[in-house]
Each structure stands twice: as structure tokens, then as C-alpha cells.
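What follows is each chain in one-letter form.
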Number of protein chains: 2
Amino acid sequence: MVDSTDRIIIKCLEENARTSFAELGRMVSLTPSSVRERVKRLEDSGVIRKYTIEVDSAQLGFGMEAFIVVKLRSGTLKSFTSLIDTWDEIQEAYRITGEHNIQMRVVLKDQLHLQSFIDEMLKYGDPTTSLILSKVKA
Amino acid sequence: MVDSTDRIIIKCLEENARTSFAELGRMVSLTPSSVRERVKRLEDSGVIRKYTIEVDSAQLGFGMEAFIVVKLRSGTLKSFTSLIDTWDEIQEAYRITGEHNIQMRVVLKDQLHLQSFIDEMLKYGDPTTSLILSKVKA
DNA sequence: GCTGAAAACGAACCGCT
DNA sequence: AGCGGTTCGTTTTCAGC
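Residue positions within a chain follow its written sequence, with the count starting from 1. Naming scheme: in the order in which they are written, chains are lettered from A and ligands are numbered from 1. It should be noted that, the model being predicted, local features are given only for residues of pLDDT at least 70 and side-chain atom pairs only at 80 or more, the latter also being counted only at that level, while totals for whole chains, interfaces and linings use all residues. Excluding hydrogens and water, the side-chain figures rest on all heavy atoms present in the structure.

Engineer: I'd like a description of the nonpolar core, backed by residues and values.
Structural biologist: The biggest cluster of nonpolar side chains holds 34 residues, and the ones touching the most others in it are A:I10, A:I53, B:I10 and B:I53. Labels follow the DSSP assignment, with helices taken as runs of H or I lasting at least four residues and strands as runs of E lasting at least two, numbered in each case from the N terminus. Of all elements in the fold, only α1 (4-15), α2 (21-28), α3 (32-44) and β1 (48-55) of chain A together with α1 (4-15), α2 (21-28), α3 (32-44) and β1 (48-55) of chain B reach the threshold of two or more residues within this core. For this analysis, a nonpolar core means a set of buried residues of the types Ala, Val, Leu, Ile, Met, Phe, Trp, Tyr and Cys, connected via side-chain atoms within 4.5 Å. Here the term buried applies to any residue with accessible area under 20% of the maximum for its type, exposed to any over 50%, and partly exposed to those in between, with areas from a 1.4 Å probe on protein chains only.

Engineer: Break down the protein's contact with DNA strand D for me, with residues and values.
Structural biologist: One heavy atom suffices: a residue is near a molecule or strand as soon as one of its heavy atoms comes within 4 Å of it. The environment of DNA strand D is made up of 14 residues, and the closest members are A:F21, A:R36, B:S33, B:S34 and B:R38. Sugar and phosphate atoms form 73% of the subset of DNA strand D atoms that lie within 4 Å of the protein. For DNA strand D, a phosphate oxygen lies 3.2 Å from a polar atom in the backbone of A:A22. Gly is put with the polar residues, along with every residue not named as nonpolar or charged; the nonpolar set is Ala, Val, Leu, Ile, Met, Phe, Trp, Tyr, Cys and Pro, and the charged set is Asp, Glu, Lys and Arg. Split into classes, the residues belonging to the surface near DNA strand D amount to 3 nonpolar, 5 polar and 6 charged. Whenever two N or O atoms come within 3.5 Å, that pair is a polar contact, provided that in protein one can donate a hydrogen and the other can accept it, and provided that, for residues adjacent in sequence, both atoms are side-chain atoms.

Engineer: Give a detailed account of the relation of the copies chain A and chain B, specifying residues and quantitative values.
Structural biologist: For the match of chain A to chain B, the screw axis carries a shift of 0.0 Å, the RMSD comes to 0.1 Å, and the turn is 180°. In the structure described here, the two chain copies are related by an operation that fits a two-fold rotation axis. Relative to the rotation axis, the closest C-alpha in chain A is found at A:T52, a distance of 2.7 Å. The contact criterion used throughout is that any non-hydrogen atoms of two residues lie within 4.5 Å. The residues that chain A uses at the interface reappear at the interface of chain B in 100% of cases, marking a shared surface. In superposing the copies, a least-squares fit is computed on C-alpha atoms, taking residues whose pLDDT is at least 70 in both.

Engineer: Which residues make up helix α5 (residues 111-121) of chain A, and what values do they have?
Structural biologist: Residues and elements named next belong to chain A. Those residues of α5 that sit buried are H113, L114, F117 and M121. The arc that holds every buried residue of α5, seen down its axis, measures 100°, which confines them to one face. When the buried face of α5 is taken as reference, the exposed residues oriented beyond 90 degrees from it are Q111 and L112. The elements touched by buried residues of α5 are β2 (64-72), α4 (77-83), β3 (90-96), β4 (102-108) and β5 (125-137). The residue sitting at the N-terminus of α5 and contributing the capping side-chain oxygen is D110; that oxygen lies 3.2 Å from the backbone nitrogen of L112. When we speak of the arc, we mean the arc of directions from the helix axis to the C-beta atoms.

Engineer: Go over the packing of aromatic side chains, please, and point to the residues and values.
Structural biologist: Two rings from Phe, Tyr or Trp (for Trp, the six-membered ring) form a pair when their centres sit within 6.5 Å of each other. Planes less than 30 degrees apart are called stacked, planes more than 60 degrees apart edge-to-face, and all others tilted. Scanning all chains against the criterion turns up 8 aromatic pairs over all chains. Arranged with centres 5.3 Å apart and planes meeting at 45°, the rings of A:F80 and A:W87 form a pair that is tilted. Residue A:F80 shares its accessibility class with A:W87, and that shared class is buried. As a reminder, the over-ring test applies to NZ of lysine and CZ of arginine, requiring each to be within 6 Å of the ring centre and within 35 degrees of the ring normal. Across the ring face of B:F21, the terminal group of A:R18 is positioned such that the distance to the ring centre comes to 4.9 Å.

Engineer: Please give an account of the sheet that holds β4(A) that cites residues and values.
Structural biologist: The strand order around the closed barrel formed by 8 strands is β2(A)-β4(A)-β3(A)-β5(B)-β2(B)-β4(B)-β3(B)-β5(A), and the pairing between neighbours is antiparallel. Put simply, the sheet's adjacent strands are angled 40° from each other on average, direction ignored. Strand pairing is defined by DSSP finding a minimum of two bridges between the two strands. As judged from the 4 bridges shared by β3(A) and strand β5 (residues 125-137) of chain B, these two strands associate in the antiparallel manner. When the bridges of β5(B) are listed, A:Y94 appears paired with B:K135. As a rule, the C-alpha atoms of each element are fitted with a line to give its axis, helices using only the stretch in contact, and angles between N-to-C directions run from 0 to 180 degrees. On the sheet, α5(A) packs against β2, β3, β4 and β5 of chain A and is oriented at approximately 150° with respect to β4(A). Relative to strand β4 (residues 102-108) of chain B, helix α5 (residues 111-121) of chain B is tilted by about 150°, and along the sheet it contacts β2 (64-72), β3 (90-96), β4 and β5 of chain B.

Engineer: Go over the pairing of β3(A), please, and point to the residues and values.
Structural biologist: All names here are of chain A. Counting buried positions along β3 gives 5 out of 7 residues, so the element sits mostly inside the fold. Inspection of the sheet shows β3 paired to β4 by 5 bridges, in the antiparallel sense. Considered in β4, the bridge of Y94 is made with Q103. The loop that links β3 with its antiparallel partner β4 comprises 5 residues; one of these, G98, has a positive phi angle of about 105°.

Engineer: Outline α3(B), listing residues and values.
Structural biologist: Residues and elements named next belong to chain B. By this rule, a helix spans an expected 1.5 Å times one less than how many residues it contains. Given a rise of 1.5 Å per residue, 13 residues ought to cover 18 Å, and the 18 Å separating the end C-alpha atoms of α3 matches this to within 8%. Those residues of α3 not exposed but buried are V35, R38, V39 and L42. Down the axis of α3, the buried set is contained in an arc of 95°. They therefore lie on one face. Facing away from the buried side of α3, by more than 90 degrees, are the exposed residues S33, E37 and D44. In this structure, the buried residues of α3 make contact with α1, α2 and β1.

As C-alpha cells, this is what we get:
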């Protein structure tokens, strides 16, 4: 379903999601029309989930970034996941295996903000916080 | 430096990084030229780090996704970080505070692949793995 | 699945305010 | 910072292979 040409296109779009079909075509020796058809297929089949940007949240006033894993108390999973969209601090969240049930990456203004967010998490389970010092890859 | 108009533009681009300047202009009541200038400023100042896509790695043959945190042995940090770009499994990696030094998200073909990757990590420190069950947000 | 051509649209550039 | 005009490139669509 996904051939080597598609894989090149995907890699280019991972590098720069605004690459034109014309330029993608130059990379894979196809016309813009053909590339367009392939990209459409990749979108429709869900291989390409989303076109997005990576943002420096520090410059938006969120100088603190952290991973928080939560061990939810029994019975709180459903209410927790239904609330997850309401917490703006959460950039991404995953259900995971192991000691904890949820892993999240959060952005926060400062220590006080972190404290209040942890307090919120304590309503549902047992959170463990690791501050992010720097991004080492991608 | 970043006003409320910029914030709207950023949010739109997070939703769809291929939104045209023309359409962004409609959202914030500015001409395409003005939006272009703002976006350029956001790029140059590093607020917008990258235009990228989110991909369904399962459909690319990597059916297993995991978070791995590593507690590096003393002295191995530098060699580890210099090698980080050579491991294709690692989608993103961060230096973090706490018990472990490195947090990564990795994609893998299957259990055997996971095993060999963990073996690789064992050369540098003590890895702990949590499989990703599903993405709950964003 | 890929191509090529036409029409529509958007991006880039620049002078102006 | 924002605007509008020109030019140029890109996207879209579609008939044809």
C-alpha cells in the first residue's frame, strides 16, 4: 500500500510539511499531479494524520515543560480521559502500559502553575513529574 | 513580541500547517501580505520551529510504539547523545530531571525489534519501557 | 497510476503609507 | 505593521493513455 516513493514523500513532509507538490515531484521524478494523488491517498488512508507545526512554547510564555505520568485510582480513567481536552496545559497524552496509566507532556508558566496542575492531577491519581531540560532529537 | 493575532495564526497552523496565508488572513482580518510578514517573523524568531506531519507509524510497518526512559551510567551521556541520530527507532528524545536522564518515544516493528533495541540501550544505562496503547490527546 | 494542459489560486516581491 | 498591484509558481481539474 505504501511504496518506497510514498516513503520519500512522507520523509520530505516530515522535514517540511509545506513542501509543494511540484518540489516533491522533483524529488521522486513524478509530475505534481501524480504526487498530489499519492498524498491524497496517504491522507485518506490515515497514514498522514495531520499537518502541524512545532512551536517554542517558552516564547509563548510557557517557560516550563514537563512529562507527567499518572497512576490513576481505580474507576477514574473514564472521567479523566473525558476531561483531558479541557486542560490546556496538556500538549499530548497517551495511555501506556506499566506502573502508570497515562503519560503526558505539559507546558506551564512557572512553578506555581506546575503546583496547581499537580494538585488537579491528585484528584484522579498519583502523578510523577519530570521536567524537560532540552530536546535532544527531532 | 507575540500578540493575540499571532496566537490565532499559531493555533490555526497547529491544526493545519498547510493553511494558506489567504485563509489565515480571513481568520484574523488581515491581507495575505500582512499574514505572510507575521509568519515570517514567527519563523525567524524561532517561535515556529518546524512544519511537519503526524504519521501513523503502524501503517508504515511499525506496529509497536513505546516510551523508553533511560538512566544512563556515569560518563555515557555524551556518547549516547551523539549516537541518538543514528537510531531510526527514536522519534523524539528529551533530557529530563529525576530518576532517569533521557526520555524517548520509539517506533518498532515487533517484540523482537524491541528486544534488540533494549539490548542496545543496555550498553549505555538502564532502560525502562512503557508500551503506548493509544493516543488520548492531540 | 501517471501525464500534460488550462484555469484558478496563492505566494513572493516591492513600493507606498 | 499593514496594504495593494504585478509577476511568477503552484494547485486543481480533467481528458487521455
